[in-house]
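Chains, contacts and geometry: an overview
Single-letter residue listing:
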Amino acid sequence: MLTVKNKADAAEIYLSGDIVDDADGGFLEDMRGGEITGYEFPQKLRAQLDAIGAETPIELHINSCGGSVFAGVAMANFIANHKGKTTAVVDGIAASIASQIFFAADVCKIPSNCYLMLHRPSTEISGNAEELRKAAEILDTLQTGLETTYQRKALDGVTAEEIHSMVESETWLTGEEAARKFQVKVLNPVKTLNAVGNINKLKAMGTKIPPSLNFLDEAARIKEIEAEIEIALALVEGVLLK
């Protein structure tokens with residue numbers, strides 16, 4: 001759930017959950033009748049930033065396994081274009097597109113035992129050969145854009161080829177490891193890492209998940225999804241009965 005806490009010198013924004021497109025986030029909010037947990041989407045972040053004010057410094061806390069590339073890029077652009085000073089802090093994990101949001105801030109901080117994960121974008125598609133080739137071209141273009149962001153935050157001496165290799169091979173970095181490649185400040189280790197998201201989603205991303213990562217209780221997540229389905233079915237039944 002994306003929340004804001006106001007401090008004397010900055011506004012703290014907590015981005016915690018899977019990143020989804022506006023249409024999906026709006027549907028989930030409608031389905032639940034209000035605020036949702038476990039998902040973040042661009043319109044919600046945009047509303048929070050507008051309420052804070054363009055000149056207000058912000059401290060963005062991130063704990064996300066990633067999600068939609070386009071939604072994440074939009075959120076990263078919101079942070080990058082904010083006029084006030086922006087500081088991003090990884091509270092547990094900034095994986096996949098969440099790492100792009102992290103690197104969009106002016107100052108990037110990560111505890112030594114938290115994680116960044118970089119990998120190639122992926123999609124699910126069906127269609128004819130031409131449609132599949134077009135989808136592959138789009139993924140290549142997206143990857144180029146993502147790598148450009150990483151290159152901007154890379155330390156001197158870290159080449160574009162090295163960044164490309166990290167993305168191609170799917171790279172997990174602790175805070176200390178990230179500081180050897182990127183312009184990040186390493187913080188003292190946190191006591192507990194709480195990775196937000198379904199463990200199966202991260203498994204689908206790749207095969208290099210660090211064994212020290214803690215995940216949300218999968219059984220509880222399944223119950224949450226089942227509840228969402230029941231709400232959706234009830235809404236559909238209500239429409240059909242009218």
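One can find the structure itself at the top, above this paragraph.
Below: a short report on this structure. The structure presented is a predicted model; accordingly, all values stated were derived computationally and were not measured.

Conventions we followed
Residues numbered from 1 in each chain as written. Predicted model: local features only at pLDDT ≥ 70, side-chain atom pairs only at ≥ 80, totals over all residues. Heavy atoms only, no water. Salt bridge = Lys/Arg side-chain N within 4 Å of Asp/Glu carboxyl O. Helix = DSSP H or I, 4+ residues; strand = E, 2+ residues; numbered from the N terminus. Buried < 20%, exposed > 50% of the residue type's maximum accessible area, 1.4 Å probe, protein only. Polar contact = N/O pair within 3.5 Å; in protein donor to acceptor, adjacent residues only side chain to side chain. Pairing = 2+ DSSP bridges. Right-handed = clockwise from strand over helix to strand, strands pointing away. Core = buried A, V, L, I, M, F, W, Y, C linked by side-chain atoms within 4.5 Å. Contact = heavy atoms within 4.5 Å.

**Overview of the pattern of salt bridges**
- One pass over the structure, following the stated rule, counts five salt bridges.
- Residue Arg46 pairs with Asp50 through a salt bridge whose shortest N-O separation is 3.2 Å. Placement of the pair is Arg46 and Asp50 together in helix H2 (residues 42–52), with a separation of four residues, close to one helical turn.

**Examining the side chain of His119**
- Take His119: it is sitting in the loop between strand E7 (115–118) and helix H5 (129–152).
- Overall, the relative accessible area of 12% leaves His119 in the buried class.
- A distance of 2.8 Å separates polar atoms of two side chains, one belonging to His119 and the other to Ser96.

**Structural notes on the pairing of strand E5 (residues 86–95)**
- In terms of residue burial, E5 counts as a mostly covered element, since nine of its 10 residues are buried.
- Strand direction decides the pairing type here: strand E4 (residues 58–64) and E5, joined by six bridges, are parallel. Within E5, the residue paired with Glu59 across the bridge is Thr87.
- Chirality of the crossover, the property in question, places the unit of E4, helix H3 (residues 69–80) and E5 among those that are right-handed.

**A short note on the nonpolar core**
- With 42 residues, the main nonpolar core has Ile79, Ile101, Phe102, Leu116 and Phe182 as its most contacted residues.
- If you tally residues by element for this core, the top one is H3, at six residues.
- Beyond its immediate chain neighbours, meaning those up to four positions away, Phe102 contacts Ile62, Ala88, Val89, Val90, Ala94, Cys108, Lys109, Ile110, Leu116 and Val184.
- In this structure, Ile93, Tyr115, Met117 and Trp172 belong to the second largest nonpolar core, which totals five residues.

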